[in-house]
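The lines below spell out each chain.
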Amino acid sequence: GAVVSQHPSWVICKSGTSVKIECRSLDFQATTMFWYRQFPKQSLMLMATSNEGSKATYEQGVEKDKFLINHASLTLSTLTVTSAHPEDSSFYICSGRSSGNTIYFGEGSWLTVV
Amino acid sequence: QKEVEQDPGPLSVPEGAIVSLNCTYSNSAFQYFMWYRQYSRKGPELLMYTYSSGNKEDGRFTAQVDKSSKYISLFIRDSQPSDSATYLCAMSASNSGYALNFGKGTSLLVTP
């Protein structure tokens, strides 16, 4: 299947700093990329949808000024968690939609804010 | 009511058993149906993808979609301990930007 690379896999940051997570589709062009957050033992919660070259659409309750999403090309989207706080600690997962409308996920990024 | 309902389990079966996983949904606009397998601390891995109704088979896995009943299933034949994971059903519609709506996931344990 198609491959989505997500980096970093693990990151620890101090409270108040910003962290950037990258998501790359390696063998397909992802017109749309999705960012999810998953808390332990819970399902994936959609944070935002981004289309290449457009502003991201955020789900209700997700602060767009805190979770900055950039989708500058058909193979790269980034999520920046700004002024991170311990409650932002979570598993963040990106996914890309292929031309066949199949969605492939990255391996996820574990964020711990201390 | 959540749009996608899935029994979280846990489901425990002996090795070699046939496993049946199911989801129901309420949004008749869903057209794309997927099953993902997620191991602990990993991203979801796509197992099966079905468009609209019908059956699809891939190795030991069979996916069924019954749009009239708003019911989808994943069958795993000859289950193996390595199949132990959480299985997530997901579905999407073109009129909502293809964003996936997930079930809660079913935790499966296959015992040797």
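Keep in mind it's a predicted model, so treat the numbers as computed, not measured. Note on numbering: residues in each chain are counted from 1, in written sequence order. Working convention: letters from A go to chains and numbers from 1 go to ligands, in the order in which they are written. Only residues with pLDDT of 70 or above have their local features reported here, since the model is predicted, and side-chain atom pairs are shown and tallied only from 80 upward, although totals for entire chains, interfaces and linings are computed over all residues. Just so you know, side-chain values use all the structure's heavy atoms and leave hydrogens and water out.

This part is about the sheet that holds strand β8 (residues 71-76) of chain B. All names here are of chain B. Paired strands, as defined in this entry, are two strands with at least two bridges between them according to DSSP. Segments assigned H or I by DSSP are reported as helices when at least four residues long, segments assigned E as strands when at least two residues long, and all are numbered from the N terminus. An order of β1-β3-β8-β7-β6 is seen for the five strands of this open sheet, with the pairing classed as antiparallel. Of all strands in the sheet, those bounded by a partner on one side alone are β1 (4-5) and β6 (54-58). Across six bridges, the pairing between strand β3 (residues 19-25) and β8 is antiparallel. Note that in β8 the partner of Leu21 across the bridge is Leu74.

Let's shift gears to the sheet that holds strand β8 (residues 76-81) of chain A. Residue and element names in this part refer to chain A. Here we have four strands laid out as an open sheet, ordered β1-β3-β8-β7, and antiparallel in their pairing. The sheet is open, and its two edges are formed by β1 (4-7) and β7 (67-73), each paired on a single side. Taken over all neighbouring pairs, the strand axes of this sheet differ in orientation by 15° on average, direction set aside. In terms of strand pairing, strand β3 (residues 19-25) meets β8 through six bridges, oriented antiparallel. Following the sheet pairing, Lys20 is matched in β8 by Thr80. The convention used is that axes are lines fitted to C-alpha atoms, helices contributing only their stretch in contact, and that angles between N-to-C directions extend from 0 to 180 degrees.

In this section: the pattern of salt bridges. We define a salt bridge as a contact between a side-chain nitrogen of Lys or Arg and a carboxyl oxygen of Asp or Glu at a distance within 4 Å. According to the stated counting rule, one finds seven salt bridges over all chains in the structure shown. Three or more residues joined by partner-sharing salt bridges are found here, namely Arg37(B), Glu45(B), Arg60(B) and Asp83(B).

Let us now look at the pairing of strand β5 (residues 45-51) of chain A. Residue and element names in this part refer to chain A. We call a residue buried when its accessible area falls under 20% of the maximum for its residue type, exposed when it is over 50%, and partly exposed in between, using a 1.4 Å probe and counting protein chains only. Counted residue by residue, β5 has five buried out of seven residues, so it is predominantly covered. The pairing of strand β4 (residues 32-38) with β5 spans six bridges and is classified as antiparallel. Counted as the bridge partner of Arg37 is Met45 from β5. Connecting β4 to the next strand, β5, in antiparallel fashion are six residues, including Lys41 with a positive phi near 65°. Pairing of β5 with strand β6 (residues 57-58) involves two bridges; the strand directions are antiparallel. What sits directly across from Ala48, in β6, is Tyr58. Between the end of β5 and the start of β6, which pair antiparallel, lie five residues, with Gly53 showing a positive phi angle near 85°.

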